[in-house]
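# Geometric and topological summary
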Amino acid sequence: MPVTLGYEEKKYMMGDAPDYDRSQWLNEKFKLGLDFPNLPYLIDGAHKITQSKAIWGCIAYKHNLCGETEGEKIWEDILENQLVDNHVQLARLCYNPDFKKLKAEYLEALPAMLKLYSQFLGKQPWFLGDKITLGLEISAYMKSSCFLPRPVFTKMAVWGNK
Ligand SMILES: N[C@@H](CCC(=O)N[C@@H](CS)C(=O)NCC(=O)O)C(=O)O
């Protein structure tokens with residue numbers, strides 16, 4: 001399966017505390033021809049895409065990595081939304097000034113949350129059954145020089161800001 005990572009990455013720098021200046025992005029935000037300007041965005045020829053899930057969907061579609069059967073499409077939908085929920089939970093914790101206090105609670109609940117993914121994967125080799133999906137793209141990205149493991153969040157976060 002051909003997996004290509006040909007893209008140009010555009011990074012916007014945020015200023016330091018206390019102002020967290022976002023002017024680099026804000027100066028361009030409405031000049032890119034995006035219908036719903038936001039970060040991240042992906043411009044792929046005529047397609048100007050925002051919303052992370054739509055971007056994953058576009059990459060998966062282009063590389064023929066989408067769910068095809070009814071069951072695969074349902075799993076794909078559930079998993080995408082589950083991942084977003086879990087990401088939002090982490091972000092809520094990491095941007096919270098009470099991070100230190102809330103961290104213990106989050107860590108306590110984490111194994112049960114991860115167990116659900118583990119149980120799901122225990123039933124089948126890949127998240128969509130026998131079919132490998134976006135994982136291939138992510139794996140290729142992680143092996144490439146473009147891979148940026150940190151920062152996880154912006155400078156405004158208490159954790160994951162570096
Ligand atoms: N639902 C959107 C959320 C996007 C979002 O909140 N982006 C933040 C960074 S994580 C941002 O700074 N957007 C730029 C803006 O609002 O101008 C997605 O999944 O892409």
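Position numbers for residues start from 1 in each chain and track the written sequence from start to end. Whole-chain, interface and lining totals are the exception, using all residues; otherwise, since this is a predicted model, local features are given only for residues with pLDDT of at least 70 and side-chain atom pairs are given and counted only at 80 or more. Working from all heavy atoms in the structure, the side-chain values ignore hydrogens and water.

For the chain, an unreviewed UniProt entry supplies the name Glutathione S-transferase and the organism Gorilla gorilla gorilla. Listed in UniProt under the heading Sequence similarities (unreviewed entry), the comment for the chain reads: "Belongs to the GST superfamily. Mu family." UniProt positions are given in the numbering used here, feature names are shortened, and annotations may be inferred rather than shown by experiment.

### Side note on the site of the ligand
Proximity is defined per residue: if any heavy atom of the residue lies within 4 Å of a molecule or strand, that residue is considered near it. All residues adjacent to the ligand are Arg22, Trp25, Lys29, Asn38, Leu39, Pro40, Gln51 and Ser52. In protein, a polar contact requires one atom able to donate a hydrogen and another able to accept it; more generally it is a pair of N or O atoms within 3.5 Å, and residues adjacent in sequence count only if both atoms are side-chain atoms. Here Lys29 contributes a side-chain N or O atom positioned 2.7 Å from an oxygen atom of the ligand. In this structure, an oxygen atom belonging to the ligand sits 2.9 Å away from a side-chain N or O atom of Ser52. Of the residues assigned to the shell around the ligand, the class counts are three nonpolar, three polar and two charged. In this count, Pro and Cys sit with the nonpolar residues alongside Ala, Val, Leu, Ile, Met, Phe, Trp and Tyr, while Asp, Glu, Lys and Arg are called charged and the others, Gly among them, polar.

### Section: the pattern of salt bridges
One speaks of a salt bridge when a side-chain nitrogen belonging to Lys or Arg is within 4 Å of a carboxyl oxygen belonging to Asp or Glu. By the definition in use, this model includes four salt bridges. For Glu28, the salt bridge identified is with Lys10, shortest N-O distance 3.5 Å. With Glu28 in the loop between helix 1 (23–26) and strand 1 (41–44) and Lys10 in the segment before helix 1, this pair connects stretches of sequence that are 18 residues apart. Classification of residues uses two cut-offs on accessible area relative to the type maximum, computed with a 1.4 Å probe and protein chains only: under 20% is buried, over 50% is exposed, and between them is partly exposed. A relative accessible area of 24% places Glu28 in the partly exposed class. Linking Lys101 and Asp98 is a salt bridge whose minimum nitrogen-to-oxygen distance equals 4.0 Å. Judged by its relative accessible area of 61%, Lys101 is exposed. Numbered from the N terminus, helices here are DSSP runs of H or I no shorter than four residues, and strands are runs of E no shorter than two.

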